[in-house]
Amino acid sequence: MWFDDRIEVTNPGGPFGQVRDDNFDLVTDYRNPSLAAALKGLGYVNRFGRGIGRVRAALERNGNPPAEFQVDDSSWAVTLRRVV
C-alpha cells in the first residue's frame, strides 16, 4: 500500500523451508523451485537471494530510514519510509 510517508508490502505466505524469522535475509528457499528456475531462465530474475540487501543499500544510499521487516509463521511485511 502506498501512503504519503511510506510504502507497505505484505505477503500472506510465511517463511518456507529453511527460512525463519531470524534468518530470512540470509537464507533462500523456494516453494516451487521449477517456477523459480523458469523465471530466472526467462530473465525475470537475475540472481537469487540478493533483493533484501539491494533494498537496504538503496535506502541507505538515499538517506532513507532502514526497512522495517515483520516476519512470522504465516506472513511477512516490510515498511519502507521516506525522509520527512
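## Things to note about the overall build of the protein
- Within the protein one finds two helices and three strands.
- Along its sequence from the N terminus, the protein presents helices and strands in the succession β-α-α-β-β.
- Taking the principal axes of the C-alpha coordinates as reference, the protein spans close to 40 × 30 × 20 Å.
- Counting all 84 residues of the protein, 15% fall into the buried class.
- Taking the contacts inside the protein whose residues are at least 6 apart along the sequence as the reference set, 45% of them involve residues at least 24 apart.
- A total of about 6,500 Å² of accessible surface is found on the protein, and carbon and sulfur atoms cover 53% of it.
- Considering the protein, the positive charge centre built from 11 side chains and the negative charge centre built from 11 side chains are found 10 Å apart.

## A closer look at the sheet that holds strand β3 (residues 76-81)
- The strand order β1-β3-β2 describes an open sheet built from three strands, whose pairing is antiparallel. With one partner strand each, in any of the chains shown, β1 (6-11) and β2 (68-71) form the two edges of the open sheet. Taking each pair of neighbouring strands and ignoring which way they run, the sheet shows an average axis angle of 10°.
- When β2 meets β3, the two strands line up antiparallel, connected through four bridges.

## Points about the pairing of β3
- With six bridges joining them, β1 and β3 adopt antiparallel strand pairing. Within β3, the residue paired with isoleucine 7 across the bridge is leucine 80.
- From the end of β2 to the start of β3, which pair antiparallel, there are four residues.

## Quick look at the side chain of arginine 6
- As for its position among the elements, arginine 6 is in strand β1.
- Polar contacts involving the side chain of arginine 6 include one to the side chain of glutamate 8, which spans 2.6 Å.
- Those residues in contact with arginine 6 that sit more than four places away from it in its chain are Met1, Thr79, Leu80 and Arg81.

What counts, and where the lines are drawn
All residue numbers refer to position in the chain's written sequence, counted from 1. Side-chain atom pairs in this predicted model are given and counted only at pLDDT of 80 or more, local residue features only at pLDDT of at least 70, and totals for whole chains, interfaces and linings cover all residues. Side-chain figures throughout are based on the complete set of non-hydrogen atoms in the structure, without hydrogens or water. Helix and strand assignments follow DSSP, with helices taken as H or I runs no shorter than four residues and strands as E runs no shorter than two, numbered in order from the N terminus. Burial here depends on accessible area, computed with a 1.4 Å probe over protein chains only, as a share of the maximum for the residue type. Under 20% is buried, over 50% is exposed, and the range in between is partly exposed. Note on contacts: a residue pair is in contact if any heavy atoms of the two residues lie within 4.5 Å. All accessibility values rest on the Shrake-Rupley procedure with a 1.4 Å probe; residue burial counts only the protein chains present in the view. Asp and Glu are treated as the negative residues and Lys and Arg as the positive ones, with His and the ends of the chain left uncounted. Every charge is mapped to an atom, namely NZ of Lys, CZ of Arg, CG of Asp or CD of Glu. Two strands pair if DSSP finds at least two bridges between them. To define axes, lines are fitted to C-alpha atoms, for helices over the stretch in contact only, and angles between the resulting N-to-C directions are given on a 0 to 180 degree scale. Think of a polar contact as two N or O atoms within 3.5 Å of one another; within protein, one of them needs to be a possible hydrogen donor and the other a possible acceptor, and neighboring residues in sequence only count if both atoms come from side chains.

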